[in-house]
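Listed below, chain by chain, are the residues.
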Amino acid sequence: MLMVFAAIKSAYAATDINENYETKFGGFPTNVSQHDLRELTPNLFVQENMTRESGCLAAALYFEARGESKMGQIAVAQVILNRARSRFYPNSLCGVVWQNSHKHNRCQFSFTCDNKMDMIRNRNAWMQAKNVAQAFVSGNTPKLASNVTSPAYALSKRTRRSTHYHATYVRPYWSRKLQRMGKIGRHVFYVSARVERTMPKEI
């Protein structure tokens, strides 16, 4: 599911990180999976001035890469976008983020299937994830450099083609089968030749 936003206005009025700023993200009844709760009322996105697609992407960036630099978050977002453009994955950002979320600890992004009540506690980190996500969805760019015309073009051409990534402190079995494209912060990026063949030639 996407976020149930609470006390948005008061939280956004603060100038510093508010440790009590908690936006509920996960959690579900015992007989309903997070996968089944993806479709939420649109007014939850209106409160954050977001679309469903930018909300899904922002959630993934926050829970997967909130400790990374803006460049690191852009790289993670690009992986999600690349998957959505490939026929081997769902054809939407939300579909990619929530793929297999009904399978406990066997999903693509762990926060969607770990059965934990995820909370957004760091307003500044959330705002950065939100800004990067909205830039990808709207086609605008985060303020990185004056010559950057798209978030993706802040990355090297190799990293821009990435379809997978993992944290530096793990080494998943699939990493040995893919081509390493680069490292940004605490994430290593790879491309699957099989997936890449179904992606647009220019990204």
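Just so it is clear, the model here is predicted, and its values are computed rather than measured.

Engineer: Residues and numbers for the packing of helix 3 (residues 52-65) against helix 4 (residues 70-84), please.
Structural biologist: The N-to-C vectors of helix 3 and helix 4 enclose an angle of 130 degrees; their axes lie 10 Å apart at closest approach. Taken together, the axis directions place helix 3 and helix 4 in an arrangement best described as oblique. As helix 3 packs across helix 4, the resulting crossing turns out to be right-handed. From helix 3, Leu 57, Ala 60, Leu 61 and Ala 65 reach across to helix 4, where they touch Gln 73, Val 76, Ala 77 and Ile 80. Of the residues in the contact of helix 3 with helix 4, the class split is seven nonpolar, one polar and no charged.

Engineer: An account of helix 6 (residues 123-138) is needed here, citing residue identities and associated values.
Structural biologist: For helix 6, built from 16 residues, the straight-helix expectation of 22 Å at 1.5 Å per residue is met to within 8% by its first-to-last C-alpha distance of 22 Å. Among the residues of helix 6, those classed as buried are Arg 123, Ala 125, Trp 126, Ala 129, Lys 130, Val 132, Ala 133, Ala 135 and Phe 136. Near the N-terminus of helix 6, the side chain that reaches the backbone nitrogen of Asn 124, with its oxygen 3.1 Å away, is that of Asn 122.

Engineer: Tell me what's going on with the pattern of salt bridges, and back it up with residues and numbers.
Structural biologist: In total, this model carries two salt bridges according to the counting rule given. A salt bridge links Arg 186 to Glu 68, with the shortest nitrogen-to-oxygen separation between them at 3.1 Å. Remark: Glu 68 occurs in the loop between helix 3 and helix 4 and Arg 186 occurs in the loop between strand 4 (179-184) and strand 5 (187-191); sequence separation between them is 118 residues. The closest approach of N and O atoms between Glu 196 and Arg 161, which form a salt bridge, is 3.1 Å. Pair noted here: Glu 196 is in helix 8 (residues 193-196) and Arg 161 is in the loop between helix 7 (157-160) and strand 3 (164-167), with a separation of 35 residues, a long-range link. Since its relative accessible area comes to 12%, Arg 161 is described here as buried.

Engineer: Let's hear about the side chain of Gln 99: which residues, and what values?
Structural biologist: Among the structural elements, Gln 99 can be located in the loop between helix 5 (93-97) and strand 2 (119-120). Look past the residues within four positions of Gln 99 in its chain and what remains in contact with it is Tyr 89, Pro 90, Cys 107 and Gln 108.

Engineer: Could you give an account of the packing of aromatic side chains, with specific residues and numbers?
Structural biologist: Aromatic rings in a pair are described by how distant their centres are and how their planes are angled relative to each other. Using the criterion set out here, one finds six aromatic pairs in the structure. Ring centres 5.0 Å apart and planes at 85 degrees place the aromatic pair Tyr 62 and Phe 63 in the edge-to-face group. Each member of the pair, Tyr 62 as well as Phe 63, carries the same accessibility label: buried. An aromatic cluster is defined as three or more aromatic residues linked by ring pairs; in this entry it consists of Tyr 62, Phe 63, Trp 98, Phe 111 and Trp 126. Its end group placed over the ring of Phe 88, Arg 87 keeps NZ or CZ at 4.6 Å from the ring centre. The side chain of Arg 194 reaches across the aromatic face of Phe 88, ending 4.1 Å from its centre.

Engineer: Please set out helix 3 residue by residue, giving values where relevant.
Structural biologist: Helix length check: helix 3 (14 residues) gives 19 Å between terminal C-alpha atoms against 20 Å at 1.5 Å per residue, within 8%. Burial within helix 3 is extensive, with eleven of its 14 residues counted as buried. Listed in full, the buried residues belonging to helix 3 are Ser 54, Gly 55, Cys 56, Leu 57, Ala 58, Ala 59, Ala 60, Leu 61, Tyr 62, Phe 63 and Ala 65. Its buried side turned inward, helix 3 meets helix 4, helix 5, strand 2, helix 6 and strand 5.

Engineer: Pulling in residues and values, what's your account of the sheet that holds strand 5?
Structural biologist: Strands pair in a sheet through their backbones, by hydrogen bonds, and they do so in one of two ways: parallel or antiparallel. Within the open sheet, the three strands sit side by side as 3-5-4. Their pairing is antiparallel. Since the sheet does not close on itself, it has two edges, and those belong to strand 3 and strand 4, each with one partner. Strand-to-strand twist of the sheet, defined as the mean angle between neighbouring strand axes without regard to direction, takes the value 25 degrees. Sheet topology places strand 3 next to strand 5; four bridges connect them, and they run antiparallel. Directly across from His 166, in strand 5, lies its bridge partner Val 188. Across the face of the sheet, helix 4 comes into contact with strand 3, strand 4 and strand 5 while running at roughly 30 degrees to strand 5.

Engineer: Talk me through the packing of helix 3 against helix 6; I want residue IDs and the actual numbers.
Structural biologist: The contact between helix 3 and helix 6 brings their axes to 8 Å, and the two run at 135 degrees. It follows from the interaxial angle that helix 3 and helix 6 lie oblique. Considering the relative orientation of helix 3 and helix 6, their crossing is right-handed. Of the residues in helix 6, those touching helix 3 at Glu 53, Ser 54, Leu 57, Ala 58, Ala 59, Leu 61 and Tyr 62 are Ala 125, Trp 126, Ala 129, Lys 130, Val 132, Ala 133, Gln 134, Phe 136 and Val 137. Counted by class, the contact of helix 3 with helix 6 contains twelve nonpolar, two polar and two charged residues.

Basis of the calculations
- Residues numbered from 1 in each chain as written.
- Predicted model: local features only at pLDDT ≥ 70, side-chain atom pairs only at ≥ 80, totals over all residues.
- Heavy atoms only, no water.
- Axes fitted to C-alpha atoms, helices over the stretch in contact; angles between N-to-C directions.
- Helix = DSSP H or I, 4+ residues; strand = E, 2+ residues; numbered from the N terminus.
- Parallel < 35°, antiparallel > 145°, perpendicular 65-115°, else oblique.
- Left-handed = near helix turned anticlockwise from the far one by under 90°.
- Contact = heavy atoms within 4.5 Å.
- Nonpolar A, V, L, I, M, F, W, Y, C, P; charged D, E, K, R; others polar.
- Expected span 1.5 Å × (residues − 1).
- Buried < 20%, exposed > 50% of the residue type's maximum accessible area, 1.4 Å probe, protein only.
- Polar contact = N/O pair within 3.5 Å; in protein donor to acceptor, adjacent residues only side chain to side chain.
- Salt bridge = Lys/Arg side-chain N within 4 Å of Asp/Glu carboxyl O.
- Phe/Tyr/Trp six-rings, centres within 6.5 Å; stacked < 30°, edge-to-face > 60°.
- Lys NZ or Arg CZ within 6 Å of the ring centre and 35° of its normal.
- Pairing = 2+ DSSP bridges.

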